[in-house]
Each structure stands twice: as structure tokens, then as C-alpha cells.
Amino acid sequence: MSGTGDILKGAAEVMFQNYRSLPLALTRGEGCRVWDADGKSYLDFVAGIAVVNLGHCHPAVVEAIRTQAGRLMHISNLYVNEPAVKLARWLVDHSFADRVFFCNSGTEAMEAALKLVRRHAFDSKRKGPPEIVVARNSFHGRTMGALSATMQPQYHEGFGPLVPGFIDVPYNDPEALRKAVGDATCAVVLEPVQGEGGVLPATRAYLHAARELCSAQGIPLVFDEIQTGMGRTGKLFAYEQFGVEPDVMVLAKGLGNGFPIGALLAREEIAK
């Protein structure tokens, strides 16, 4: 087996150097502990960036993946499969939502949400080119739509022109939110807790103001719970901590405990 030095050397030679990776080559994990190629163990406080909620290689997760891999791996969205229906039903039963769309990652779920609210605006015949209001210092993903909704300049550098139609306002500022929403607004997109922005929770007043504003304007309130969902705040979803329900929500990360998955959840009137 190759040691850490050999693996790092190989990575430097043939892989894109797009992340500032630590000089670690991990080979296995169990619970909250991981081991490198030299056999040294570490406590993992990152959990795959809020992904491995149940710990590395949880026996129930491993068995579920092993069993399904022996039955059927991929059939595309052209066909229906029972595990997807069961998961969608579970998410509907435990959330505000009526419908679920599955994809492969959080940024894909956000792309789907952005397309959904634009289509909803089109069908609702809202005026002008659609605008989506987002919060400053947010992070929603690295694909072009999600990146354009991400209001941190360091993530934008070198990737312009971005997708137009995003209006950013200060986080936790209800008055700025009210001023930004107009006839062309087709959605407000917020993180209940900003993750990449510094682990900054929203105030109850802010999210309640966003809910009241969106309801009054007849536009969807979208919550990005890719990092906060699946129990990471002590409730299944962070919105439950604030007593505010969105109309659309995106999930990923902890939903699959390391297995690639994303989900878009929405109320019936928007999902249709």
C-alpha cells in the first residue's frame, strides 16, 4: 500500500489543484475518527463539511448501500424506484413540503430551486425579468446559478460573467429585505444559519419578516438547508427552531451521510 507521501505526490502530479487540501491522505474512517495512509488516526471535527452526520462507515448506512448496490445502481429519472419514493414520502411526512425532486448534490438542488422559482414567476406572469433576493455573505454552491446567488466576492473572481438577476441585501436586516423586494422579485433565498459566511444564525425577527413579506407578495421563500438540515441544529430542519416554514427548501450533505444526494422540496402550488 502506498504511504501518505506517495499519494500526495501522485495527487500533485495528476489532479487539479483546486482546493487547498491538507497534507493528509485518508484511507478509512469509523465513527468520528479517520486514519491516514501511514496508519495515524485523527478525530474528524469537519465531518466532510457537515456531511457525515452519523459518523464514518455507520454499519446501517454501509449495509443499505451494499444491499442496494447488489440490486440496482442507476436507472435515471426515466423510471421510478421504490427507495426514492420511500425517501420522498418520509421527507414530505416530516416537513412542510408536498413534493420532492432528487439530484446528486447540494449545488444541483440549488440550481433546481432557482429554476423552479423562475418558472413559477413565469407561470404567475410577474412583471419584468425575474429577480431573486439573496443575503450578503451567503454561500449556495459552485455551479453558475448557485455561484451567482453566493454573495462572497472571493468565490466569483475569475468566473464572470455571472448569471444576472440576483439582488443582495445585508443578512439579518428586515428593512433592507423589504426595500429590495419589488414587482420583479420572484423569490427570497436565505440560509437559516449562514455556514460558509461564518456560522451566523438568523434572528427570529428576520426570518418571520421574510415569511410575512413573501406571503404578502405571493412569492416563494426558499431556505437553503444543505448544511443545517438533517438534525445539525437539534431539530430535523433549522426552520423548526425559528417557527417559520419556507415554500421551497434544498437539502444535501447529511441527507446521504456521505453518499451523493441532493433534494429539492416544495409546496404543491409551486412544485406543479
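So, here is what we can say about the structure in this document. Every chain is numbered on its own, with residues counted from 1 as its sequence reads. In keeping with the predicted nature of the model, local features appear solely for residues at pLDDT of at least 70, side-chain atom pairs appear and are counted solely at 80 or more, and the whole-chain, interface and lining totals rest on all residues. Side-chain descriptors were evaluated using all non-hydrogen atoms of the structure, hydrogens and water having been removed beforehand.

Remarks on the layout of surface pockets
And then number 1: Definitions used throughout: a 1 Å grid over protein atoms alone; a cavity as a set of points that fits a 1.4 Å probe which cannot get out; a pocket as an open set with protein on both sides within 12 Å along at least five of seven lines; a lining residue as one with an atom within 4 Å of a point. Grid points are joined across faces, edges and corners, and a volume is the space filled by probe spheres set on the points. Roughly 1900 Å³ of volume is contained in the largest pocket.
And then number 2: Along its surface, the largest pocket is lined by 47 residues, and Asn81, Ala84, Leu87, Phe102 and Ile261 are the ones closest to its centre.
And then number 3: We count a stretch as a helix when DSSP gives it H or I for four or more residues in a row; a strand needs E for two or more, and each element gets its number in order from the N terminus. The set of elements that each furnish at least two residues to the lining of the largest pocket consists of helix 3 (59–69), helix 4 (82–93), strand 4 (99–103), helix 5 (106–124) and strand 12 (262–266).
And then number 4: Top contributing element to the lining of the largest pocket by residue count: helix 3, with seven residues.
And then number 5: Classification used: nonpolar for Ala, Val, Leu, Ile, Met, Phe, Trp, Tyr, Cys and Pro, charged for Asp, Glu, Lys and Arg, polar for all others including Gly. When its residues are assigned to classes, the lining of the largest pocket shows 31 nonpolar, eleven polar and five charged.

Examining the pattern of salt bridges
And then number 1: Here, a salt bridge means any side-chain nitrogen of Lys or Arg that lies within 4 Å of a carboxyl oxygen of Asp or Glu. Scanning the model with the defined rule gives ten salt bridges in all.
And then number 2: A salt bridge links Glu82 to Lys86, with the shortest nitrogen-to-oxygen separation between them at 3.8 Å. Of this pair, Glu82 and Lys86 both sit in helix 4, four residues apart, which is roughly one turn of the helix. Here Glu82 matches Lys86 in class, with each residue exposed.
And then number 3: The partner of Arg136 in a salt bridge is Asp168, with the nearest N and O atoms 2.8 Å apart. The buried label goes to any residue with under 20% of its type's maximum accessible area, the exposed label to any with over 50%, and the partly exposed label to all in between, with areas taken from a 1.4 Å probe on protein chains only.

Focus on the packing of aromatic side chains
And then number 1: Centres within 6.5 Å are what make two rings of Phe, Tyr or Trp a pair, Trp counting through its six-membered ring; a difference in plane orientation under 30 degrees is then read as stacked, over 60 as edge-to-face, and the rest as tilted. Summed over all chains, the structure comprises four aromatic pairs.
And then number 2: Aromatic side chains Phe96 and Tyr239 sit 5.7 Å apart centroid to centroid with 75 degrees between the ring planes, which places their arrangement in the edge-to-face category. Placement of Phe96 in the loop between helix 4 and strand 4 and of Tyr239 in helix 10 (residues 239–242) is noted, with a sequence separation of 143 residues between them. In terms of burial, Phe96 and Tyr239 fall into one category: buried.
And then number 3: Note on Phe237 and Tyr239: the rings are 5.7 Å apart at their centroids and 10 degrees apart in plane angle, and the pair reads as stacked.
And then number 4: Overall, the relative accessible area of 5% leaves Tyr239 in the buried class.

Overview of a nonpolar patch on the surface
And then number 1: To count toward a patch, a residue needs a relative accessible area over 30% and no salt bridge; like charges are then connected within 9 Å, while nonpolar side chains (Val, Leu, Ile, Met, Phe, Trp, Tyr) are connected within 5 Å. Per-residue and other accessible areas follow the Shrake-Rupley method at a 1.4 Å probe size, with only the shown protein chains counted as cover for residues. Judged by side-chain polarity, Leu22, Leu24 and Leu26 come together as a nonpolar surface patch covering roughly 290 Å² of accessible area.
And then number 2: Structurally, Leu22 is set in the loop between helix 1 (4–14) and strand 1 (26–30).
And then number 3: When its relative accessible area of 63% is taken as the criterion, Leu22 is described as exposed.

Here's the deal with unusual backbone geometry
And then number 1: With an omega of 0 degrees, the peptide bond between Gly160 and Pro161 qualifies as cis.
And then number 2: Along the chain, Pro161 turns up in the loop between helix 7 (153–156) and strand 6 (166–169).
And then number 3: Of note in the backbone geometry, Cys57 takes a positive phi value of approximately 55 degrees without being a glycine.
And then number 4: Turning to its location among the elements, Cys57 is positioned in the loop between helix 2 (47–50) and helix 3.
And then number 5: With a phi angle near 50 degrees, Asn257 is a residue other than glycine that sits in the positive phi range.
And then number 6: Within the secondary structure, Asn257 is located in the loop between strand 11 (248–251) and strand 12.

By themselves, these observations are geometric and do not establish any function.
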